[in-house]
Amino acid sequence: MEPREKIFILKYFLSIFSGIFLVLGLMVMMFSVWLLIDRNNLFTVLSFAGENHLVAYISYMLLVVGSIIVFISFLGFLGIFEEIRWLLILYLGLIVLLFGIQVAMPVLIYTRKEEVQIMWNDRIDAVISNYGNKNLTGKEHEWAILNAVQNTLECCGRYNSTDWKKNENKEHTNQVPCSCTKSNREEWFCDVPANDVYSKGCDEYIKMWFENNTLVLIAINIALLTVEVLLFTQGVLLFKNIKKNKISLKE
């Protein structure tokens, strides 16, 4: 095979994988930005409340990783098309560095997974306890989101409707949030028969949501690691061919 043809093929596949790399990096960035700014999701609202900001730190880490991937991708495109050897060396070095960070991140998330779940459970319990408190009107947004979750998923409390017995803001002991029933009343609490209250708790659905999002993140990470191996391998081959033959497709 002619040297020109070999370099052309390597550049072609490197461009394709760099494009995939860029798209995956943008997905990581969008996921992290969503975690940081979305305030209509119960998980994000409660995760950024209180003193423990572990989820916020993880979100910022994801944002940094995504930004680095986008930067490396553009750097790679420039080095590939212009056949600049020192830029290719920088590109390959950054890929190796990023590979190490991405291997470490899932380990960090996995080791802190239990801590996140404990924090999440504590925050849910706090929302249930404070729900409907007239002195905490600033928390109404959290209560409204919890109502939306209970109404949409047809669940009540974390484990079941008995979780609401710990709430001391009700007029009557047997009251539950109107969102725990099929009632359309726009009030915090309703008096309804016990058999009209949703029997299932929301904890199972919330854990499923958390697990699904974690799996999506892990899948993106595995895809990134695979693409990085391919990019590094083909980048090294391109560098060797450019150095050995000292030719350019522009000649």
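The text that follows walks through the structure, step by step, so that each part is easy to find. Computed from a prediction, not measured in an experiment: that's the story for all the values here.

### A look at the packing of aromatic side chains
Here comes step 1: Per the stated rule, a full pass over the model turns up four aromatic pairs.
Here comes step 2: Centroid distance Y12 to F13: 5.4 Å. Interplanar angle 80 degrees. Geometry classified as edge-to-face.
Here comes step 3: Judged by its relative accessible area of 46%, Y12 is partly exposed.
Here comes step 4: Taking relative accessible area as the criterion, F13 reaches 38% and is therefore assigned partly exposed.

### Brief notes about the state of the cysteines
Here comes step 1: With the rule as written, the count across this model stands at three disulfides.
Here comes step 2: Shown here is the disulfide that connects C156 with C180, its sulfur atoms set 2.1 Å apart. Here the disulfide of C156 and C180 is right-handed, its torsion about the S-S bond being about 90 degrees. Within this pair, whereas C156 is found in the loop between α6 (140-153) and β1 (176-177), its partner C180 is found in the loop between β1 and β2 (189-190), the two being separated by 24 residues in sequence. Just as C156 is buried, C180 falls in that class too.
Here comes step 3: Paired through a disulfide, C178 and C190 show a sulfur-sulfur distance of 1.8 Å.

### Digging into α6
Here comes step 1: Here α6 spans 20 Å end to end across 14 residues, near enough to the 20 Å set by a 1.5 Å rise per residue.
Here comes step 2: Immediately downstream of α6, the backbone of E154 shows phi near 55 degrees, a positive value.

Parameters at a glance
Residues numbered from 1 in each chain as written. Predicted model: local features only at pLDDT ≥ 70, side-chain atom pairs only at ≥ 80, totals over all residues. Heavy atoms only, no water. Phe/Tyr/Trp six-rings, centres within 6.5 Å; stacked < 30°, edge-to-face > 60°. Buried < 20%, exposed > 50% of the residue type's maximum accessible area, 1.4 Å probe, protein only. Disulfide = S-S within 2.5 Å. Helix = DSSP H or I, 4+ residues; strand = E, 2+ residues; numbered from the N terminus. Expected span 1.5 Å × (residues − 1).

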